[in-house]
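Listed below are the residues making up each chain.
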Amino acid sequence: MKKTDNPLATTTTQIVRKLLNLSRLQKTILATTTDFIALPAIAVLSVWIRLGEITFLLDDYWLAVILLPFMAIPIFLKHGLYRSVIRCLGHRFALTVFISVSSLFLAWSALIFFFDLSFPRSAIIISWLLALLYITGSRLTARWLLNSNPVDKKNRHIVIFGAGSSGQQLLTAMQAMPGIKVVGFLDDDEQLQKHCLLY
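Residues numbered from 1 in each chain as written. Predicted model: local features only at pLDDT ≥ 70, side-chain atom pairs only at ≥ 80, totals over all residues. Heavy atoms only, no water.

J.: What's the story with the nonpolar core in this structure? I'm lost.
T.: Formed by 34 residues in total, the largest nonpolar core has its most connected members in L39, F76, V101, L104, W108 and F119. Within the residue set of this core, elements represented by two or more residues are α2 (24–51), α3 (62–78), α4 (92–114) and α5 (121–148). Sorting elements by how many residues they give to this core places α3 first, with 8 residues. Filtering out sequence-adjacent residues up to four positions away, L39 remains in contact with L68, P69, A72, F76, L104 and A131. (Core = buried A, V, L, I, M, F, W, Y, C linked by side-chain atoms within 4.5 Å. Buried < 20%, exposed > 50% of the residue type's maximum accessible area, 1.4 Å probe, protein only. Helix = DSSP H or I, 4+ residues; strand = E, 2+ residues; numbered from the N terminus. Contact = heavy atoms within 4.5 Å.)

This is the structure in structure tokens:
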């Protein structure tokens, strides 16, 4: 008797395939929309943690909460947070996240203090920590999901343009990706041509 495929695994593979087939613009829109929804929720959660209770009477804080996602998207775009290729996140990713999120919360807290907006000051620190956790966790979860559910059974042969430090960092990141094999580098630097990179 033939076993049926795991429906959860099949559904996950279908979702991964659809995500991979999205254009770069569509992926950026998806990421920005998710962050735009999540960041106000993080601000509200930080207030609940600060107050020690769940309350929906946040009329005094709504302006600060609403400002957060509108400030986040341009700051994240400026720092290149949405230019990162999820499947190839390297060690520089953590630094990019820290700088992006910290820049956002410095600007947000400055605005809160300058206009004397109502928002618990200690909740700003809590929001910053939660945002760091969310941004890092969401990207690493997406990376794990994409890399653990390869849509292709055969290895895809990849050539990296640029044999310098950036190309070597990309190689290191891609080594952990199933279904991908780096077969060489392209570089216009004659000193790097006809050389073999040991790894």
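J.: For this particular structure, what's the right way to read the packing of α3 against α4?
T.: Working note: a packed helix pair is described by the angle between its axes plus the distance between those axes. Two elements in contact, α3 and α4, have axes whose closest approach is 9 Å; the angle formed by their N-to-C orientations is 140°. Between α3 and α4, the angle is such that the two are oblique. Here α3 and α4 pass one another in a crossing that is right-handed. Across the interface between the two elements, A64, L67, L68, M71, A72, I75 and F76 of α3 pack against S100, V101, S103, L104, F105, A107, W108, L111 and I112 of α4. A per-class count over the contact of α3 with α4 returns 14 nonpolar, 2 polar and no charged. (Axes fitted to C-alpha atoms, helices over the stretch in contact; angles between N-to-C directions. Parallel < 35°, antiparallel > 145°, perpendicular 65-115°, else oblique. Left-handed = near helix turned anticlockwise from the far one by under 90°. Nonpolar A, V, L, I, M, F, W, Y, C, P; charged D, E, K, R; others polar.)

J.: Quick question: what am I supposed to make of unusual backbone geometry here?
T.: Most peptide bonds take the trans configuration, and most residues that are not glycine carry a negative phi. You will see that D116, though not glycine, has its phi angle at about 55°, which is positive. Checked against the element boundaries, D116 lands in the loop between α4 and α5.

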